[in-house]
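Next come the chains, spelled out residue by residue.
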Amino acid sequence: MQHALIVEDVATTGQWLQGVLQEAFNGIQTVHCSSCQQAREFMQTAAINLALLDINLPDGSGIDLVRCIRQRCPDAYVVITTIFDDEEHILRALKAGAHGYLLKDSPPQVFVQKLQGILNGDPPISPSVSRQILRHFAERESTNPAPPPTLHPDARHLSQREQEVLTLVAKGLSRNEVAAHLGLSGNTVARYIRDVYQKLDISSRAEATMEACRMGLVNPMN
């Protein structure tokens, strides 16, 4: 990680996030914007690797910046940093294409560890947010239960190995952990993940988790 964008309207919080980033990624250069408009203007000419976006900004929601940033910098990692831990905000952010969702009340060291996990393929998602995602699918499952053995038709477009990789990714395993579990190299697993993402038209582990639950590969009740 070399270049990061912080979008945060509270100056002290922006400084805190800057310190967290510098601890997580030695030598990273950061730019701080305090509004959606400033961020959009910055992104017209900038190239970044990572973006940390607040939700409640003076002129809009940081969630609305996700697509803008990903269109301008397709390889950039976009993480929502917020105090909102409700299901509505979480699902909106993930559906918009955010790769992660971190709560600002997390201890600084946890924040650093979650961000460093990006380099190992681990999604930076606060534990309580992960529970919200699983609870969402659990409630949908209890309301509209489907026969457990039946896979969604979309799953049949994936090979057996691709289904196995998607299942493990959805369960939160890192790329290296998936490789060890399946007896494959990290590069081979990375290729499978890329192929799965392309077939399902997704681009983040959060979306992969949703798709695996939707397909019946992962039971959110467990």
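These numbers were taken from a predicted model, which means no experiment stands behind them.

A. Focus on the overall build of the chain. A tally of regular secondary structure across the chain gives 10 helices and seven strands. For the chain, the residues scored as buried account for 48% of the 222 residues in total. Across the chain, every contact between residues at least 6 apart in sequence was considered, and the portion connecting residues at least 24 apart equals 67%. When the accessible surface of the chain is totalled, it reaches about 11000 Å², and 47% of it is carbon and sulfur.

B. Looking closely at the confidence of the model for the chain. Averaged over all residues, the pLDDT of the chain equals 84, while 86% of them reach at least 70. The low-confidence segment residues 147-151, where pLDDT is below 50, has six contacts with residues more than four positions distant or belonging to other chains.

C. Region of the structure containing helix α10 (residues 205-215). Of all the 11 residues making up α10, 10 are buried; the element is thus mostly covered by neighbouring parts of the structure. Count one or two residues on from α10 and you reach Gly-216, which has phi positive near 90°.

D. Looking closely at the UniProt feature "modified residue: 4-aspartylphosphate" (unreviewed entry) in the chain. Taking the UniProt record as the reference, the feature "modified residue: 4-aspartylphosphate" (unreviewed entry) is found at Asp-54. Apart from residues no more than four positions distant in its own chain, Asp-54 is found in contact with Val-7, Glu-8, Asp-9, Gly-62, Thr-81, Thr-82 and Lys-104.

E. How the structure looks around the side chain of Glu-211. Tracing the backbone shows Glu-211 in helix α10. By relative accessible area, Glu-211 is classed as buried at 16%. Residue contacts for Glu-211: discarding those within four places in its chain leaves Leu-200 and Ile-202.

F. Quick peek at the sheet that holds strand β3 (residues 50-53). Taken in spatial order, the five strands of this open sheet run β2-β1-β3-β6-β7, and their pairing is parallel. Each edge of the sheet is formed by a strand with only one pairing partner; in this case those strands are β2 (29-33) and β7 (100-103). Sheet twist, expressed as the average angle between the axes of neighbouring strands with direction ignored, equals 20°. Relative to strand β6 (residues 77-82), β3 runs parallel, the two being bridged by four bridges. Bridge pairing links Ala-51 to Val-78 in β6.

G. The pairing of β7, seen in detail. Residues of β7 alternate between two faces, with Gly-100 and Leu-102 on one and Tyr-101 and Leu-103 on the opposite face, all of them buried. Here β6 pairs with β7 via four bridges, running parallel. Residue Val-79 lies in a different strand from β7, and its bridge partner there is Gly-100. A crossover links β6 with its parallel partner β7, the connecting element being helix α4 (residues 87-96), and its sense is right-handed.

H. Fine view of the state of the cysteines. This structure, assessed with the given rule, holds zero disulfides. We note that Cys-36 lacks a disulfide partner, and the nearest cysteine sulfur, in Cys-68, lies 9.5 Å from it. Distance from the sulfur of Cys-73, which forms no disulfide, to the nearest cysteine sulfur (Cys-68) is 9.0 Å.

I. Representation of the nonpolar core in the model. In this structure, Leu-5, Ile-48, Leu-53, Leu-65, Ile-69, Ile-80 and Tyr-101 are the most contacted members of the largest nonpolar core, which totals 31 residues. When residues of this core are traced back to their parent elements, those giving at least two are β1 (3-7), α2 (36-43), β3, α3 (65-72), β6, α4, β7 and α10. Once residues lying within four places of it in the same chain are set aside, the contact partners of Leu-65 are Val-7, Cys-36, Ala-39, Arg-40, Leu-53 and Leu-57. Judged by nonpolar contacts, the second largest core, of 21 residues, contains Leu-168, Val-169, Leu-200 and Leu-217.

Scoring rules and cut-offs
Residues numbered from 1 in each chain as written. Predicted model: local features only at pLDDT ≥ 70, side-chain atom pairs only at ≥ 80, totals over all residues. Heavy atoms only, no water. Helix = DSSP H or I, 4+ residues; strand = E, 2+ residues; numbered from the N terminus. Buried < 20%, exposed > 50% of the residue type's maximum accessible area, 1.4 Å probe, protein only. Contact = heavy atoms within 4.5 Å. Areas by Shrake-Rupley, 256 points an atom, 1.4 Å probe, with all protein chains shown as cover. pLDDT = per-residue confidence, 0-100. UniProt positions renumbered as here; feature names shortened; annotations may be inferred. Pairing = 2+ DSSP bridges. Axes fitted to C-alpha atoms, helices over the stretch in contact; angles between N-to-C directions. Right-handed = clockwise from strand over helix to strand, strands pointing away. Disulfide = S-S within 2.5 Å. Core = buried A, V, L, I, M, F, W, Y, C linked by side-chain atoms within 4.5 Å.

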